[in-house]
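Tertiary structure, described
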Amino acid sequence: MALGIAAAAIILFLGTGGKMVSQMARSWASESSGGVDPTVVSTLMLNVALIIFIMRRHRDLVREVAERRKAEDLARELADIDPLTGCLNRRSIPPATDKLMEEASRSSRGIAFIMIDLDDFKQVNDLNGHQAGDEILRTVAERIRNLLPRDALLGRLGGDEFAIVVSYQPMLPERINALITRIIESIAQPFELGAATAEITISVGIAANHDTLAETGEPYDAQTLIHKADIAMYEAKKHGKNRSCWFEAPMEKALQVRNELEAAIRKGVKTGEFVPFYEQQIDLDTGELAGFEMLARWRSPDLGLIGPEVFIPIAEDIGIIGELSENLITQAFEDARDWDPALTLSVNISPVQLRDPWFSQKILKLLLESGFSANRLDLEITESCLLENIGVVRSMITSLKNQGVKISLDDFGTGYSSLAMLRSLPFDRIKVDRSFVGDIGKDENGSKIIKAIASLGDGLKVPVTAEGIENTIILETLKKVGKLKGQGYHYGKPEDAKAVRKRLVAADRMASLLDTPAAPEDDARRHSHG
Ligand code: C2E
Ligand code: MG
Ligand code: MG
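The notes below deal with the structure included here. Treat the numbers as computed from the prediction; the structure is a model and nothing was measured.

What counts and what doesn't
Residues numbered from 1 in each chain as written. Chains lettered and ligands numbered in written order. Predicted model: local features only at pLDDT ≥ 70, side-chain atom pairs only at ≥ 80, totals over all residues. Heavy atoms only, no water. Salt bridge = Lys/Arg side-chain N within 4 Å of Asp/Glu carboxyl O. Helix = DSSP H or I, 4+ residues; strand = E, 2+ residues; numbered from the N terminus. Buried < 20%, exposed > 50% of the residue type's maximum accessible area, 1.4 Å probe, protein only. Near = heavy atom within 4 Å. Polar contact = N/O pair within 3.5 Å; in protein donor to acceptor, adjacent residues only side chain to side chain. Areas by Shrake-Rupley, 256 points an atom, 1.4 Å probe, with all protein chains shown as cover. Nonpolar A, V, L, I, M, F, W, Y, C, P; charged D, E, K, R; others polar. Donors = N, O, S within 2.8 Å, 3.2 Å for Na, K, Ca; no water. Axes fitted to C-alpha atoms, helices over the stretch in contact; angles between N-to-C directions. Parallel < 35°, antiparallel > 145°, perpendicular 65-115°, else oblique. Contact = heavy atoms within 4.5 Å. Expected span 1.5 Å × (residues − 1). Arc of directions from axis to C-beta. Pairing = 2+ DSSP bridges. Core = buried A, V, L, I, M, F, W, Y, C linked by side-chain atoms within 4.5 Å. Phe/Tyr/Trp six-rings, centres within 6.5 Å; stacked < 30°, edge-to-face > 60°. Lys NZ or Arg CZ within 6 Å of the ring centre and 35° of its normal.

**Structural notes on the pattern of salt bridges**
- Taken as a whole and judged by the stated rule, the model has 29 salt bridges.
- For the salt bridge of Lys238 with Glu235, the shortest nitrogen-to-oxygen distance reads 3.4 Å. Here Lys238 pairs with Glu235, and both are found in helix H8 (residues 222–238), just 3 residues apart, close to one helical turn.
- Residue class for Lys238 comes out exposed when judged on its relative accessible area of 60%.
- A network of salt bridges, in which partner residues are shared, links Glu293, Glu380, Lys431 and Glu467.

This is how it looks when you write it as structure tokens:
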């Protein structure tokens, strides 16, 4: 519209200007005194003003439009780009991948979608703070970017998950493997965070679009590639750190099984399918029953009786280990309350539970609610519990020990810094891993480690329990080693609460059958808990 008005003004200007010029010419030629018509002059002036005004307005408009376009571009960029790392984001990576795939297919090249996840990044974040975490993410992006070919895409899909999309010759997948090796090496370089340094490992999953073409006859779209790369990445994570895996169809099936298992475990925790079993712990010197170790079992209506090696790692992964463990401990306190009060109860604690700052309070609350004596409780923790945040673990353990709870170092000898761990915390007991105990009797070296650990315990004044006593040869050898406690299939497999009760009734070791009157505090406690 402004341009229309400007055009009209210019035409008017030309018209009035022309009229004025002819009037002036005429007046000079006739030398008459008539001169130029004043209305023509003022019309002309008005026209000039109008043109100036409109030109200014037009310039402003052009500027406004440019600014708006810039703002729109910025908004689009913000929506497509991860502000922390400058990478593409979860929204923009699929369309960019589809586009790259199309371009690559024109030159018969394939696309590799590479999913990268930082291992244990949450812990790095917790340990060093979120600012340091952000710095690490920025540096990771930069290190990856420096290694990528020019046409590759780099995205951050969220949290600690990055994606690379790169075209390659399908006949030469080793090029992709070589790229991944360089990325792993680059990220393995320490991250300087002021006074501290952090070391990062990654897990990498790769999905190739030409594979999928062979599989279904249909080309994959970006979303499918992302899904498959994700599955491959989880497979890599399962195999440890700094690993990479190419997607293979069976992985999808395994993931489906895993998802079903997760759902069943979640449901089982809610419906009380997890139950405590108990393994006898014996004083090897006297042969007397000293207590029980509680071992979790899953009575799955579909799968039968399942051992902890299957469900504990999953419960840890999906964040329900705390709830599962508290349910089991509550049941175990209930069962053990009827036993001879001289019998102790050992409970395994997952490293994940020790990350919970309320862990010790939760245990003390369960003790209080059940009326179970803290002196009878022994928490078994493994060395991996202590690798994460020794300061926090120490203060939790100290507050539990102050209440009378004992702490044992389980599976001693299987970690990689056992001796340092032993020194760093005041353990009440060491449990020698059954792999060493099993070696006894095999050859003459078999018992040497056990002897060494027993004398270490002796020196540190920390009593020792040997796990995995499977036969009399092991038992007799251990008896000669020193004053130990022991447990193992030689005394019977772990059994449920009912079987334990039967065993204790037979041995005259149920609290209700004992002649000794209950201690006064014990009595008061029973009354207060009905
Ligand atoms: P652990 O604490 O070292 O428990 C001892 C394991 O050795 C038990 O396996 C037990 O059944 C087995 N065992 C005992 N005696 C013998 C023997 O003579 N020979 C052999 N070959 N094995 C023997 P289980 O019950 O399968 O438990 C495995 C691990 O699962 C436990 O190792 C413990 O680390 C973990 N676990 C069990 N229950 C829980 C729980 O409630 N919470 C947590 N966080 N972990 C648990
Ligand atoms: Mg144990
Ligand atoms: Mg053990």
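The discussion continues.
**As for the site of ligand 1**
- The local shell around ligand 1 holds 23 residues, among which Arg297, Asn348, Arg434, Glu470 and Tyr489 are the closest.
- One of the backbone nitrogen or oxygen atoms of Ala296 is found 3.0 Å away from a nitrogen atom of ligand 1.
- Between Asp410 and ligand 1, the recorded distance is 2.9 Å, taken from a side-chain N or O atom to an oxygen atom.
- With the chains in place, 87% of the 780 Å² that ligand 1 exposes on its own is no longer accessible.
- Where the shell around ligand 1 is concerned, the elements lending two or more residues are strand S9 (288–300), helix H10 (308–317) and strand S13 (406–412).
- In terms of residues, the shell around ligand 1 owes the most to one element, S9, which gives 4 residues.
- The class makeup of the residues in the shell around ligand 1 is 9 nonpolar, 4 polar and 10 charged.

**Overview of the coordination of the magnesium ion (ligand 3)**
- Taken together, the protein ligands of the magnesium ion (ligand 3) are Asp410 (OD), Asp411 (OD), Glu467 (OE) and Glu467 (OE), with distances of 2.0 to 2.7 Å.
- Sequence spacing among the residues donating to the magnesium ion (ligand 3) works out to D-D-x55-E.
- A spacing of 3.8 Å is found between the magnesium ion (ligand 3) and the magnesium ion (ligand 2), which share Asp410 as a donor. Of this pair, Asp410 sits in strand S13 while Glu467 sits in the loop between strand S15 (464–466) and helix H18 (472–481), and the two are 57 residues apart along the sequence. With respect to burial, Asp410 and Glu467 carry one shared label: buried.

**Section: the packing of H8 against helix H9 (residues 249–271)**
- Viewed as axis vectors pointing N to C, H8 and H9 meet at an angle of 75°, and their least axial separation amounts to 10 Å. With respect to each other, H8 and H9 are oriented roughly perpendicular. Counting all contacts with H8, which are made through His227, Lys228, Ile231, Ala232 and Glu235, the residues of H9 involved are Met251, Glu252 and Leu255.
- Classifying every residue of the contact of H8 with H9 by side-chain character gives 4 nonpolar, 1 polar and 3 charged.

**Concerning helix H11 (residues 321–337)**
- The terminal C-alpha atoms of H11 lie 24 Å apart, and with 17 residues this matches the ideal 24 Å at 1.5 Å per residue to within 8%.
- What H11 keeps buried is the set Ile321, Leu324, Ser325, Leu328, Ile329, Ala332, Phe333 and Ala336. An end-on view of H11 places all buried positions within 165° of arc, on one side of the element.

**Description of the pairing of S9**
- Among the 13 residues that make up S9, 11 are buried, leaving the element largely enclosed by the rest of the structure.
- The antiparallel pairing of strand S8 (residues 274–283) with S9 creates a hairpin that spans 4 residues between the two strands, and Gly287 there sits at a positive phi of about 75°.
- Two elements, S9 and strand S11 (residues 344–348), share 4 bridges in a ladder whose sense is parallel. Bridged to Phe292 within S11 is Leu345.
- In this structure, S9 lies alongside strand S10 (residues 304–306), joined through 3 bridges in antiparallel fashion. The residue of S10 that forms the bridge with Arg299 is Leu305.
- Hairpin connection from S9 to S10: 3 residues lie between these consecutive antiparallel strands.

**A look at the sheet that holds strand S2 (residues 153–158)**
- Pairing within the open sheet is mixed, and its 5 strands lie in the order S2-S3-S1-S6-S7. With partners counted over all chains shown, the strands left at the sheet margins are S2 and strand S7 (243–246), one partner each. In this sheet, adjacent strand axes meet at a mean angle of 20° when their direction is disregarded.
- Inspection of the sheet shows S2 paired to strand S3 (residues 161–168) by 5 bridges, in the antiparallel sense. Residue pairing in the sheet places Gly158 in a bridge with Glu161 of S3.

**Notes on the nonpolar core**
- By size, the foremost hydrophobic cluster in this structure holds 74 residues, and its most contacted members are Trp339, Leu345, Leu377 and Leu478.
- Here this core gets 7 residues from one element, more than from any other, and that element is H11.
- Dropping the residues within four chain positions of it, Leu377 is found in contact with Phe333, Leu345, Val347, Ile363, Leu367, Phe372, Val405 and Lys406.

**Focus on the packing of aromatic side chains**
- Per the counting criterion, the structure on display carries 8 aromatic pairs.
- For the pair Tyr168 and Trp246, a centre-to-centre distance of 6.3 Å together with 55° between the ring planes defines the contact as tilted. Pair noted here: Tyr168 is in strand S3 and Trp246 is in strand S7, with a separation of 78 residues, a long-range link.
- Relative to Phe292, the ring of Tyr278 has its centre 6.2 Å away and its plane inclined at 75°; by these criteria the two rings are edge-to-face. Placement of the pair is Tyr278 in strand S8 and Phe292 in strand S9, with a sequence separation of 14 residues.
- Residue classification places Tyr278 among the buried positions, given a relative accessible area of 0%.
- In this structure Phe292 comes out as buried when scored by relative accessible area, which is 0%.
- An aromatic cluster of three or more residues is present, and its members are Phe274, Trp298 and Phe311.
- The ring of Phe191 carries Arg143 above its face, with NZ or CZ at 4.0 Å from the centroid.
- Lys493 extends its terminal NZ or CZ atom over the ring of Tyr489, reaching a point 4.7 Å from the ring centre.

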